[in-house]
Amino acid sequence: TAFALWRYGDVVVAADDTGVRAGRAHLPLEHVGEVEVLGVKAFRERLGPTADARAWLVTRPYVEQGVTISVADPADPTPYWLVSCRAPERLVAAIDALRQTEGPRATGGAAHGEQEEG
């Protein structure tokens, strides 16, 4: 049981020069669209009444805030990612820093190596 609980809470949310990782999913930086910080109320609404069934969710019940990351890939049916994270502002800042260093091909933003576990 302890291993299952540890594994459940061991979700990695990270951004680096290859893109954004949330759990087992990876979104290449060139397909990262608008990134928005969501507070507790907005995050809950996005999980409930305003949710899109096609969205990729990486949420944990004990983390009540997070980000939405628009998917800017016309071939991908997923409209956005909804990711819970303890420091959503840091993740957005990391993606923004990556976009600046990548130049015009990148469309999204978090800082190099920003990572959150659990």
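Structure: see above.
Residues numbered from 1 in each chain as written. Predicted model: local features only at pLDDT ≥ 70, side-chain atom pairs only at ≥ 80, totals over all residues. Heavy atoms only, no water.

### Some points on the side chain of Arg60
Topologically, Arg60 is positioned in the loop between β5 (56–58) and β6 (66–71). Here the side chain of Arg60 touches Ser84 through a polar contact of 2.5 Å, landing on its backbone oxygen. (Helix = DSSP H or I, 4+ residues; strand = E, 2+ residues; numbered from the N terminus. Polar contact = N/O pair within 3.5 Å; in protein donor to acceptor, adjacent residues only side chain to side chain.)

### Some thoughts on the environment of Arg54
Looking at the secondary structure, you find Arg54 in the loop between α2 (40–47) and β5. Spatially, the C-alpha atom of Arg54 lies 5.4 Å from that of Thr78, the residues being 24 residues apart in sequence. Those residues in contact with Arg54 that lie beyond four places of it in its chain are Pro77, Thr78 and Pro79. Among the polar contacts made by the side chain of Arg54, one reaches the side chain of Asp52 at a distance of 2.8 Å. (Contact = heavy atoms within 4.5 Å.)

### Some points on the side chain of Thr78
Among the secondary structure elements, Thr78 is positioned in the loop between β6 and β7 (80–84). When its relative accessible area of 15% is taken as the criterion, Thr78 is described as buried. Excluding anything up to four places from it in sequence, Thr78 contacts Arg54, Ala55, Trp56 and Val71. (Buried < 20%, exposed > 50% of the residue type's maximum accessible area, 1.4 Å probe, protein only.)

### Quick word on the nonpolar core
Formed by 21 residues in total, the largest nonpolar core has its most connected members in Val32, Val67, Ile69 and Trp81. Listing elements by their share of this core, those giving two or more residues are β1 (12–16), β2 (19–22), β3 (25–28), β4 (32–38), β6, β7 and α3 (88–102). Per-element tally for this core: the top contributor is α3, with 4 residues. Each residue touching Ile69, except ones within four places of it in the same chain, is listed here: Val20, Leu27, Val32, Glu34, Val35, Tyr80 and Trp81. Counting 5 residues, the second-largest nonpolar core is a separate cluster that includes Leu38, Ala55, Tyr80 and Leu82. (Core = buried A, V, L, I, M, F, W, Y, C linked by side-chain atoms within 4.5 Å.)

### As for α3
When the terminal C-alpha atoms of α3 are compared, their 21 Å separation across 15 residues agrees well with the 21 Å that a helix rising 1.5 Å per residue should span. Within α3, burial applies to Pro88, Leu91, Val92, Ala94, Ile95, Leu98 and Arg99. Buried residues of α3, seen end-on, are gathered within an arc of 160° and therefore sit on one face of the element. Those residues of α3 that are exposed and aimed more than 90 degrees away from the buried face are Glu89, Gln100 and Thr101. (Expected span 1.5 Å × (residues − 1). Arc of directions from axis to C-beta.)

### Observations concerning the pairing of β7
With 5 of 5 residues buried, β7 lies mostly within the body of the structure. Residues Tyr80, Leu82 and Ser84 point to one face of β7 and Trp81 and Val83 to the other, with burial holding for every one of them. In this structure, β5 lies alongside β7, joined through 3 bridges in parallel fashion. Residue pairing in the sheet places Trp56 in a bridge with Trp81 of β7. (Pairing = 2+ DSSP bridges.)

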